[in-house]
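As a plain string of letters, each chain reads:
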Amino acid sequence: MSNRPTLVIGGTGKTGRRVAQRLAKQGRPVRIGSRTGTPPFDWHDQTTWSAAVDGVEAAYVTYYPDLAFPGAAEVIASFAQTAVARGVRRMVLLSGRGEPEAVPSEDAVRESGAAWTVIRASWFMQNFSEHFLVEPVLSGVIALPAGAVAEPFVDAGDIADVAVAALSEDRHSGKTYELTGPRLLTFAEAAKELTRATDRQVSYLPVTPEEYAQEAVAAGVPAEEAEPLAELFTRVLDGHNAHVTADVERVLGRAPRDFADYARDAAATGVWAGIR
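None of these values were measured; they are calculated from a predicted model.

Chemist: Is there a simple way to explain the side chain of Glu151 in this structure?
Modeler: By the element assignment, Glu151 lies in strand β7 (residues 150–151). Although Glu151 is buried, it forms no salt bridge, and the closest oppositely charged side chain is Arg97 at an N-O distance of 5.2 Å. Among the polar contacts listed, one links the side chain of Glu151 to the backbone nitrogen of Trp123, at a separation of 3.4 Å. When near neighbours in sequence (up to four residues on either side) are disregarded, Glu151 contacts Ser122, Trp123, Arg183, Leu184, Leu185, Leu237 and Asn241.

Structure below.
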């Protein structure tokens, strides 16, 4: 085991926080890559990158807002070059499943000279309890431009377990994994699972991308983020991701977590205790 730290970019986010916790539990030194980290890391300030990667053995790379957004590939390529030049030997990139716009960023990591693993995932289960869908669940109405498309929702803990394996084991170098949960659910079916878990009515309301973007802006999301996000939802939720894979089990030797188990455990934390 190397004594050099692992940089976890987005180390306070849904997957990054879990990756950092798991690495620390294994006794591995961790450096959190965030604006409030020591040293700080900011995707929009390249002057912070060198200090963040100095002395680092491996890096878990997550990008905000999304690798499909314009300019992401150029940023990832610049970061990868900086990281390798400073001695980073391994990079694990969290990418978007079924997002062709994210492939140039993946290629930048593949071509960096570091040992690499790409993890593709799309809809996290935790979006309902730790991110932008918390308030809709609390209100009882989840409005999204998803139609009746089914999604293999994946647990952030499973993503973190695969990421830690890829950061720790040579056998994952050069691999691209697509992570899913064990079954497909439409958003209406996910809402029914949330209804069972919370014992309160949660419904799904399909809306147009334009309606979604308007509501997001009204809720305080900048228009320059809301509009591309609505477009991204439309592209990702068109049915081409409506199949499950065995990659979680292939890497971890166990089945991925089911949405019903996630919903029950999340409800037990009280995150939806104020549901109306």
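Read on, since the account is not over.
Chemist: Even after reading the chapter, I still don't get the pairing of strand β4 (residues 90–96), so can you show me in this structure?
Modeler: Look at any regular strand and the pattern is simple: side chains alternate between the two faces of the sheet. With respect to burial, β4 is a largely interior element, 7 of its 7 residues being buried. Residues of β4 alternate between two faces, with Arg90, Val92, Leu94 and Gly96 on one and Met91, Leu93 and Ser95 on the opposite face, all of them buried. Direction of pairing for strand β3 (residues 58–61) relative to β4: parallel, over a ladder of 4 bridges. The residue bridging Ala58 from the neighbouring strand is Arg90, located in β4. The pairing of β4 with strand β5 (residues 115–121) spans 7 bridges and is parallel. Within β5, the residue paired with Leu94 across the bridge is Ile119. As for the winding sense of the linkage, the β-α-β connection from β4 through helix α4 (residues 103–110) to β5 is right-handed.

Chemist: Please explain the pattern of salt bridges as it appears in this structure.
Modeler: For side chains of opposite charge, pairing can occur when their charged atoms come near one another. Applying the stated criterion across every chain yields a total of 25 salt bridges. Among the ionic pairs, Glu57 bridges to Arg89, the shortest N-O distance being 2.4 Å. Placement of the pair is Glu57 in the loop between α2 (49–53) and β3 and Arg89 in the loop between α3 (72–85) and β4, with a sequence separation of 32 residues. We classify Arg89 as partly exposed; its relative accessible area is 48%. A salt bridge links Asp261 to Arg264, with the shortest nitrogen-to-oxygen separation between them at 3.0 Å. A residue pair is termed a helical-turn pair when its members lie 3 or 4 positions apart in one helix, as Asp261 and Arg264 do in helix α12 (residues 259–268) at 3 residues. Classification of Arg264 as partly exposed rests on a relative accessible area of 46%.

The rules we used
Residues numbered from 1 in each chain as written. Predicted model: local features only at pLDDT ≥ 70, side-chain atom pairs only at ≥ 80, totals over all residues. Heavy atoms only, no water. Helix = DSSP H or I, 4+ residues; strand = E, 2+ residues; numbered from the N terminus. Buried < 20%, exposed > 50% of the residue type's maximum accessible area, 1.4 Å probe, protein only. Lys, Arg positive; Asp, Glu negative; His and termini not counted. Salt bridge = Lys/Arg side-chain N within 4 Å of Asp/Glu carboxyl O. Polar contact = N/O pair within 3.5 Å; in protein donor to acceptor, adjacent residues only side chain to side chain. Contact = heavy atoms within 4.5 Å. Pairing = 2+ DSSP bridges. Right-handed = clockwise from strand over helix to strand, strands pointing away.

Everything listed here is a matter of coordinates, which is why it stays silent on function.
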